[in-house]
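# Structure assessment
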Amino acid sequence: MQIKTILNRVQKFKSFVYGKVRLLGCRENTRIEVDVVPRSNSRPRCSKCGRSGPCYDHLPMRRFEFVPLWGVKVFLLYAPRRVDCPKCGVKVEEIPWALGKRPLTKAYGWFLSGWAKRLSWKETAGVFRTSWESVFRSVEMAVEWGRKNQNLDDVHSIGIDEIAWKKGHKYLTLVYQIDEHCKRLLWIGNERKTKTLLSFFHWLGGERSGELQYICSDMWKPYLKVIAKKAGQAIHILDRFHIMAHFSKALDEVRAGEVKELKANGYEPILTKTRWLLLKRPENLTEGQEVTLAELLQYNLRSVRAYLLKEDFQQFWSYVSPYWAERFLEQWCKRTMLSKIKPMKRVAQMLRNHKPLLLNWFRAKGQLSSGVVEGFNTKAKLTTRKAFGFRTFHGAEIALYHTLGNLPEPDFTHKFC
Ligand SMILES: [Zn+2]
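## Focus: the overall build of the chain
Looking only at helices and strands, one finds 16 helices and 12 strands in the chain. Taken against the 2.2 N^0.38 rule, which gives 22 Å for 417 residues, the C-alpha radius of gyration of the chain at 29 Å runs more than 25% over that of a compact globule. Seen through its C-alpha atoms, the chain measures out along the principal axes to roughly 90 × 50 × 35 Å. Across the 417 residues that make up the chain, the buried fraction comes to 32%. A separation threshold of at least 6 residues defines the contact pool for the chain, and within that pool the share at least 24 residues apart is 56%.

## Re the pairing of strand β4 (residues 62-69)
In the case of a regular strand, side chains alternate between the two sheet surfaces. Taken together, the 6 bridges between β4 and strand β5 (residues 72-78) define a ladder with antiparallel strand orientation. Within β5, the position partnered with arginine 62 by the bridge is tyrosine 78. Remark: 2 residues form the turn of the hairpin made by β4 and β5, two consecutive strands paired antiparallel; tryptophan 70 in that turn has positive phi of roughly 55°.

## Topic: the domain arrangement of the chain
Domain boundaries in the chain define domain 1 (1-98), domain 2 (157-238 + 371-404) and domain 3 (240-363). Between the C-alpha centres of domain 1 and domain 2 there is a distance of 41 Å.

## A few points about the packing of helix α12 (residues 322-337) against helix α13 (residues 342-353)
Interhelical geometry of α12 versus α13 gives an angle of 150° and a closest axis separation of 9 Å. With respect to their mutual orientation, α12 and α13 come out roughly antiparallel. Two packed elements cross with a definite hand, and for α12 against α13 that hand is left-handed. Together, Leu329, Cys333, Thr336 and Met337 of α12 and Met344, Lys345, Ala348, Leu351 and Arg352 of α13 make up the contact between the two elements.

## Regarding the confidence of the model for the chain
For the chain, per-residue confidence averages 90 on the pLDDT scale, and residues scoring 70 or more make up 98% of the total. Ranking the elements of the chain by mean pLDDT puts helix α9 (residues 275-279) last with 80 and strand β2 (residues 31-38) first with 96.

## Here we look at the sheet that holds β4
Judged by pairing direction, the sheet is mixed, and its 4 strands sit side by side in the order β1-β2-β5-β4 without closing on themselves. The two strands at the open ends of the sheet, each matched to only one other strand, are β1 (16-24) and β4. Neighbour-to-neighbour, the strand axes of the sheet open up by a mean angle of 25°, direction not taken into account. In the packing of helix α1 (residues 3-10) onto the sheet, the strands contacted are β1 and β2, and the crossing angle to β1 comes to about 135°.

## Concerning the nonpolar core
Core analysis: the biggest nonpolar cluster contains 87 residues, and Ile158, Tyr176 and Ile215 have the highest contact counts within it. Looking at which element gives the most residues to this core, the answer is helix α2 (residues 106-118), with 7 residues. In contact with tyrosine 176, not counting residues within four places along its chain, are Ile158, Gly159, Asp161, Lys183, Arg184, Leu185, Leu186, Val373 and Phe376.

## What about unusual backbone geometry?
If you check the backbone angles, glutamate 191 has positive phi at about 75° while not being a glycine. Secondary-structure assignment places glutamate 191 in the loop between β10 (182-190) and α5 (194-204). When the 17 C-beta atoms within 10 Å are taken as the criterion, glutamate 191 is described as partly exposed. Even without being a glycine, lysine 340 presents a positive backbone phi close to 65°. Take lysine 340: there are 10 C-beta atoms within 10 Å of it, and that puts it in the exposed class.

Rules behind the numbers
Residues numbered from 1 in each chain as written. Predicted model: local features only at pLDDT ≥ 70, side-chain atom pairs only at ≥ 80, totals over all residues. Helix = DSSP H or I, 4+ residues; strand = E, 2+ residues; numbered from the N terminus. Rg over C-alpha atoms; globule rule 2.2 N^0.38 Å. Buried ≥ 20, exposed ≤ 12 C-beta atoms within 10 Å, placed from the backbone. Contact = placed C-beta atoms within 7 Å. Pairing = 2+ DSSP bridges. Domains from an automatic or database assignment. Axes fitted to C-alpha atoms, helices over the stretch in contact; angles between N-to-C directions. Parallel < 35°, antiparallel > 145°, perpendicular 65-115°, else oblique. Left-handed = near helix turned anticlockwise from the far one by under 90°. pLDDT = per-residue confidence, 0-100. Core = buried A, V, L, I, M, F, W, Y, C linked by C-beta atoms within 7 Å.

What follows is the structure, encoded as structure tokens:
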């Protein structure tokens, strides 16, 4: 059996045929070269409009890297024709296996982008002895195709999130679809301004924005404003994950301040190494940590009181009726405002200011799972951290869509990986 037979099975083009096949080089340089020629009497198609026309002339031979076979690099060799297009004039012909002007074939691009989902981009480049750039271009191609061909019908629930980027100096706004039937990253914006979220709604379109039923987000002011304006019909919910993140931040601040004070006054360092102890949910503590926490709770420290206020607030989420939830919220805020712990008082004030949106959580109960946005947030942070070389917004954007976008792929006659 010949390599040509396999090629015709896995990738066949109507107007082209495979010619001679050569095995060349040695060791790392071993490669297979396959000539490609136009089928006799076939007319080239214009790469701009797709019409066929008479052949004008031939360009120099180009090499297109194909999926490697048994660790041997494979290249298709073809001298593109120029077509005398009746509409566009003299143009290069359309080459169905080529990835624009890139030296990779589409098949190899999809192959690399498929592996880049399982391995890091660097590892993918290493395993297949290609460049990081080639892997990046392949992923970019897959993302562009997927974004163009994705179905945006039936988007009813979205979650809006932001992640710090570039060592925390910059933010990205991420919008996820969090419907039961489909969970994916929908959109990414540079920054987290009013303008940013406005461009999301612009991208989604007026009609689809009008079909949104639930929107989860943080209390970030620009977000609140835009959501009210662009999707006023949706139930806007301040989600549990983001609210509790504000608590953790406040608690951190209280603890850090108190550690400093205790040190300055020459007290025992009882609060050192307790940061995670106080931030973790009690059910996630190890046995040893439980003992340390129990000891710590005996002290009348601001950190301890703040911790208890935070843990007490968790009860809020377990209410079924918005009425009782509101009663609880009021009592909790009152108590906290009397606590004399500044960062916690700020949290209470913030919750009071956003009470209606906070109580929407109970109006949407059962419809949304609070863990979805949190799960995506963790994965998004991991992706940007893991991915070296994403110095540009475009690089980060491509990586995030690739891992979290759940993007469609074309129907292949043969799957290479
Ligand atoms: Zn044309």
